[in-house]
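# Architecture and fold: a report
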Amino acid sequence: MTAPVPLIAGNWKMNGDSASLGEALATAAGLGSTRVRVAICPSATLVSRMADALKATNVLVGGQDCRAEVSGAYTGDVAAEQLADAGAELVILGHSERRAGYGETDALVAAKTQAALRAGLEPIVCVGETLDERKAGKALEIVTGQVRGSLPAELAGKVFSVAYEPVWAIGTGLTPSTEEIVEVHRAIRQTLTSIFGAHGATVAILYGGSVKPSNAAEILHADEVGGALVGGASLKAADFLGIIAAV
Ligand SMILES: O=C(CO)COP(=O)(O)O
């Protein structure tokens with residue numbers, strides 16, 4: 001049974017333009033040799049240029065979402081195949097900003113995950129509870145339910161990761177305690193092994209939500225934390241490299 005290779009992925013969300021490619025290049029230049037896998041997921045407009053710019057580096061490029069269908073009359077949407085064609089190797093799916101803003105259900109996230117696999121992309125599937133759900137003592141139930149509902153059987157034997165992002169920790173500067181993070185990550189691990197058997201033990205479980213250089217070491221060294229999905233602090237190479245160095 002192989003331990004998961006840590007993955008630090010930057011989610012640029014709706015930020016960045018061609019001038020920001022310099023930050024991606026600076027991240028790659030600052031990496032040196034590392035046992036950590038590093039990815040940047042920019043807006044769809046930047047995927048192609050970033051993938052070209054980072055081709056000879058150790059930084060992978062990912063998308064932030066994809067449609068489940070291969071092609072068709074879906075104005076404004078992007079297919080997994082199109083992301084792969086643009087040079088993406090990974091894709092973030094089921095981010096809470098899409099679950100909340102676009103009504104994405106677990107079933108839709110599972111369909112998008114199947115699409116990612118069809119296109120040869122490595123999925124990063126996001127789950128996480130709201131503050132009300134946590135206050136009601138339902139965090140574990142919500143998160144493990146999302147894991148069961150969002151991961152299609154086709155993931156068996158495939159490389160993918162699950163990102164635990166408590167909705168209330170995203171962009172707020174708030175983070176759960178290390179104990180709370182470990183509790184949820186252990187519950188996700190149990191769920192993964194109950195679905196996928198031994199393969200479930202090899203899946204990296206990332207933490208996301210207000211990760212920054214100053215809290216990265218404590219979070220990343222916690223039990224069952226196999227990396228991070230980083231929003232705001234991934235936009236500047238210096239901050240992102242500070243987080244990567246903490247692994
Ligand atoms: O949503 C996130 C990453 O997907 C986390 O965002 P922040 O790191 O900005 O809190």
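These remarks concern the structure in this document. Residue numbers run consecutively from 1 along every chain, following the written order of its sequence. Note on the predicted model: pLDDT of at least 70 is required for a residue's local features to be given, and 80 or more for side-chain atom pairs to be given and counted; whole-chain, interface and lining totals, by contrast, use all residues. Heavy atoms throughout the structure, all of them, feed into the side-chain values; hydrogens and water do not.

Computed from the structure, the largest pocket encloses a volume of approximately 680 Å³. Note on residue categories: nonpolar means Ala, Val, Leu, Ile, Met, Phe, Trp, Tyr, Cys or Pro, charged means Asp, Glu, Lys or Arg, and polar means any other residue, Gly included. Partitioned by chemical class, the residues of the lining of the largest pocket number 11 nonpolar, 6 polar and 9 charged. Points on a 1 Å grid, built from protein atoms alone, make a cavity when a 1.4 Å probe fits but cannot get out and make a pocket when they are open with protein on both sides within 12 Å along at least 5 of 7 lines; residues with an atom within 4 Å of a point are the lining residues. Grid points are joined across faces, edges and corners, and a volume is the space filled by probe spheres set on the points.

We call a set of buried Ala, Val, Leu, Ile, Met, Phe, Trp, Tyr and Cys residues a nonpolar core when their side-chain atoms join them within 4.5 Å. Accessible area is worked out with a 1.4 Å probe on protein chains only. A residue is then buried under 20% of its type maximum, exposed over 50%, and partly exposed in between. Core analysis: the biggest nonpolar cluster contains 61 residues, and Ile8, Leu151, Val162, Ile188 and Leu192 have the highest contact counts within it. Only DSSP runs of H or I reaching four residues or more are called helices, and only runs of E reaching two or more are called strands; each is numbered from the N terminus. Broken down by element, the residue count for this core peaks at 6 residues, all from helix H8 (residues 178–196). Contacts of Leu151, omitting those with residues within four sequence positions, involve Val125, Phe160, Val162, Leu192 and Phe196. Grouped together as the second largest cluster of nonpolar side chains are 13 residues, Ala39, Cys41, Leu60 and Ile92 included. Only heavy atoms enter the contact rule, under which two residues are in contact if any of them lie within 4.5 Å.

Time to look at the pairing of strand E8 (residues 227–230). Burial along E8 is two-sided: the residues Gly227 and Leu229 and Ala228 and Val230 are all buried. The sheet contact formed by strand E1 (residues 7–11) and E8 spans 4 bridges and is parallel. By the bridge assignment for E8, Gly10 is matched with Val230. Pairing geometry for strand E7 (residues 204–208) and E8, over 2 bridges, is parallel. Looking across to E8, one finds that Tyr207 is bridged to Ala228. Crossovers are described as right-handed under a simple rule: with the strands pointing away from the observer, the path leading from the first strand over the helix to the second runs clockwise. At this point the chain moves from E7, through helix H9 (residues 213–220), to the parallel E8, and the crossover so formed is right-handed. Two strands are said to pair when DSSP picks up at least two bridges between them.

Nearness of a residue to a molecule or strand requires only that one of the residue's heavy atoms be within 4 Å of it. With respect to spatial proximity, 13 residues lie near the ligand, and among them Lys13, His95, Glu165, Gly171 and Ser210 are the closest. At a separation of 2.6 Å, an oxygen atom of the ligand approaches a polar backbone atom of Gly171. We call two N or O atoms a polar contact when they sit within 3.5 Å, provided that within protein one can donate a hydrogen and the other can accept it, with sequence-adjacent residues counted only if both atoms are side-chain atoms. Interatomic distance of 2.9 Å between a backbone N/O atom of Gly231 and an oxygen atom of the ligand. Per-residue and other accessible areas were derived by the Shrake-Rupley procedure at a 1.4 Å probe size, with only the shown protein chains allowed to occlude residues. Contact with the protein chains hides 94% of the accessible area of the ligand, taken as 310 Å² for the molecule alone. Residues of the shell around the ligand, tallied by class, amount to 4 nonpolar, 7 polar and 2 charged.

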